[in-house]
Structure formats: C-alpha cells, structure tokens
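Here's the letter readout for the chains.
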Amino acid sequence: MQRRRFLKGVGAGAVVAGAAACGSERQGGTDSGTQQRFSWKMVTTWPPGLPGLGTGAQDLADAIQRNSGGRIQIQFYAAGELVPPLEVFDAVSTGTAEMGHGAAYYWKGKSEAAQFFATVPFGMNAVEMNAWLYYGGGWELWREIYAPFGVVPFPAGNSGTQMGGWFNKEINSLDDLVGLKMRIPGLGGEVLKRVGVTPVNVPASELFTALETGTIDATEWVGPYNDLALGLFRAASYYYYPGWHEPGPTLECIVNRAAWENLPDDLQGIVESACAQVNVRMQSEFMARNQDSLAVLMNEHGITPRPFPDEVLRELRRVTDVVLDERSAADADFKRVRDAYKAYQAKMATWQNMAEMAYHRSLSL
Ligand code: CA
C-alpha cells in the first residue's frame, strides 16, 4: 500500500497532514490533463439548509469548486432531491452520484462495522475520533470496510458531543425510563430498549408535532443549535445531558472509487484538503453555535438542562458493552473494528485524564 509508505512521512499539522496521508493511492508523475474538468453530482442525507450538517455539506461542495479553480464542478442535492437520504451510499457506490455527504452509521445495513466511523454510545469524542482516524489506523480500517462497495470515505465534519434529549418528565432513576417512547435511532436506541424504552424513528419534519402531541414522550436530536431551531423546547421541558449515545459523531464525504481514480493527483489533493477543512470548520461551528443557542434556551426560554443521574449513565454504559459484545460475536468485521476502536479509546483515556479532563477540573477548583 502506497499510503502506508506515505503515512510514515507525515509530520506536523495534524489535519492537513492527515488528509494528505489518506487517499494518495494514485502517485507519481504530473497529470497530462491538468486542465481537464470534472462535473460531479453530490448527494446528501440532510434536508435542504439543515443548520450545521446540511450547510456544512454545502460548504464542502463550495470549497472543492473554489479550491480547484472550477475544475471540479459540483451539482449539490439535498436529501430527496436526487435520491432519498438513506440511498446516498448506494447512489455513490453505483455511480449515480460521484460523491455524497452523510454519516457512516446510516449504512449499518451494508456493514454493521460502519457505525464506528460515525459514533457509538460511550465512544470517542470529536477530537479523539480525529486522532484515531488520522493517526490511529481508524481511517485505514474505514477504507477497508467501504472498499467492497467501491466507495472511498473521508472524515468531513463533526457535530461534537450531542445532548441526551428532551423528555416530557423528569428522569431521576432507571425506573423513570421504563415505558417511554423515544425517538432515538441506532445503537443508542438498542441500548435504551434493553432498559425498557421503546425506541422509534420519526423524521425531523414530524418531530416537533410528535413530541408536542404525546405520540412520543422523548426525543434526542442534535444539540442546542439544532434543537433550538426545531423549537423542541416548546414541546418538552426537560433537557438532559450528556449525549452518551452520540459523543462525537464524525460526518463523512464519500466518493465513488472510479470517479476518485479518474482525478489527477492535484485534484485528489484538493478534495482531501477540502474534507479536512470542513472537518475542522463544522466542529468549530457547532462548538460556537451550541453555546450561543444554549444561552438562548436558558436565558430566554427558561430551560434548565439537567445531567442524567449517575445510576442511569452507569447502567446505559453497562448495557452498551453487552450490546457491542453481542454484535462482535455475530460479525467478524464488527469485532475487528470494535477491538481496534476500544483499544484506542482506552489508551486515549489515560492521556485525556491528564490533559483535557485535568485541565477542565482545574478551572472549577
Ligand atoms: Ca442525534
């Protein structure tokens, strides 16, 4: 693998260097068609204009066009405009679209292991995910898992740690969760199911009404920025943290392999750099907007966010391990990726306890 050799030469400048390390499978020589132009379709899993996620995907398309001096033209499609949101991966795999933007956990039907490249309950946060993907072998595993589908993945955004969700009643113990109907997809929903919650899926467009009318008792969405925009504080009063189920979801850019291999080296570099750029920018935007929106929720709408009780988090974490163990036993790829992820997270925790955790603690002394 050329990329392995390339990785050894990676120096300072984590994100950009990381981006350069990945994807340079086409090496050597300048391209004879440096003025060749490419016209790509980009499909996304996000509703039109969805703050942070949809706008971040648009930001990526703009960056590729601008940085390539227009040599890559991108026709951007929000969810449903060319293909439905959950068909984005297939569209890129088959070449209906050259590229897409979404989140790897949407493709668990293709590979259960894909979920680790977005987020898993009690997994790594955004900074830790980037360390794993860029420098800890995570990206390499991701490329391996997507290779059979003819799809090349790139980290391209992160929402940061999400919120635990909106509830129509106080959660003081595990018993308070029993019987609740909650909108929560994926592994988080599977974990809650084991403690008596009924997880359901509700599209964003119907979420407010479902919560307000009592069709559901609780919902997670994203964080203060998106939750405020959706008006969820008008439908439920109890806002819990942390988002144990989505501690730092990575968003992805996916590119059709043939389309990727058609690009000359310099344009491949431009796509990689644009992904790295958006990866940082989206995470920064969420960090900035979440705190602004949290202030609005607290000061203008009287919302007082509460932490989940320790007892609840402890049990959810225990059940998460049970669920992940079961999946590992049933799926070799899942086990391989989970083992790598788990080992990296454990190693990272030792450092984080001395670095960010200890630092933040020092601010509250
Ligand atoms: Ca969420």
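Residues numbered from 1 in each chain as written. Predicted model: local features only at pLDDT ≥ 70, side-chain atom pairs only at ≥ 80, totals over all residues. Heavy atoms only, no water.

On to the domain arrangement of the chain, then. Segmentation of the chain into domains returns domain 1 (3–160 + 247–287) and domain 2 (165–245 + 302–362). In this structure, domain 1 and domain 2 have C-alpha centres spaced 26 Å apart. The interface of domain 1 with domain 2 comprises 29 residues on the first partner and 28 residues on the second. Across the domain 1/domain 2 interface, buried area totals approximately 2600 Å², and carbon plus sulfur atoms make up 69% of it. For domain 1, the biggest contributors to the area lost against domain 2 are Phe-116, Pro-121 and Phe-122; these three give 29% of the whole. (Domains from an automatic or database assignment. Contact = heavy atoms within 4.5 Å. Buried area = accessible area lost by both parts, 1.4 Å probe.)

Core analysis: the largest hydrophobic core is formed by 105 residues, its most contacted members being Leu-60, Trp-132, Tyr-146 and Leu-177. Looking at this core, the element that brings in the most residues is helix α11 (residues 265–300), giving ten residues. When residues of this core are sorted by domain, at least three fall in each of domain 1 (3–160 + 247–287) and domain 2 (165–245 + 302–362). (Core = buried A, V, L, I, M, F, W, Y, C linked by side-chain atoms within 4.5 Å. Buried < 20%, exposed > 50% of the residue type's maximum accessible area, 1.4 Å probe, protein only. Helix = DSSP H or I, 4+ residues; strand = E, 2+ residues; numbered from the N terminus.)

Where helix α5 (residues 126–135) meets α11, the closest approach of the two axes is 11 Å, and the angle between their N-to-C directions is 165°. Taken together, α5 and α11 sit at an angle that is classed as roughly antiparallel. With respect to the hand of their crossing, α5 and α11 are arranged in left-handed fashion. In this structure, α5 contributes Ala-126, Val-127, Asn-130 and Tyr-134 to the contact, and α11 contributes Ala-276, Asn-279 and Gln-283. Among the residues making up the contact of α5 with α11, the classes are represented as four nonpolar, three polar and no charged. (Axes fitted to C-alpha atoms, helices over the stretch in contact; angles between N-to-C directions. Parallel < 35°, antiparallel > 145°, perpendicular 65-115°, else oblique. Left-handed = near helix turned anticlockwise from the far one by under 90°. Nonpolar A, V, L, I, M, F, W, Y, C, P; charged D, E, K, R; others polar.)

In this structure, the amide linkage connecting Tyr-241 to the following residue, Pro-242, adopts the cis form with an omega of 0°. With respect to the secondary-structure elements, Pro-242 resides in the loop between β9 (238–241) and β10 (250–256). At Phe-122, a residue that is not glycine, the phi angle is positive and equals roughly 55°. Along the polypeptide, Phe-122 turns up in the loop between β3 (99–102) and α5. On the basis of relative accessible area, Phe-122 is assigned to the partly exposed category, the value being 23%.

The next subject is the packing of aromatic side chains. The final tally for this structure, using the stated rule, is 21 aromatic pairs. For the ring pair Phe-167 and Tyr-240, a centre distance of 5.6 Å and an interplane angle of 90° mean the geometry is edge-to-face. Separated by 73 residues along the polypeptide, Phe-167 in strand β5 (residues 165–167) and Tyr-240 in strand β9 bring together distant segments of the chain. Side by side, Phe-167 and Tyr-240 carry an identical accessibility label, which is buried. (Phe/Tyr/Trp six-rings, centres within 6.5 Å; stacked < 30°, edge-to-face > 60°.)

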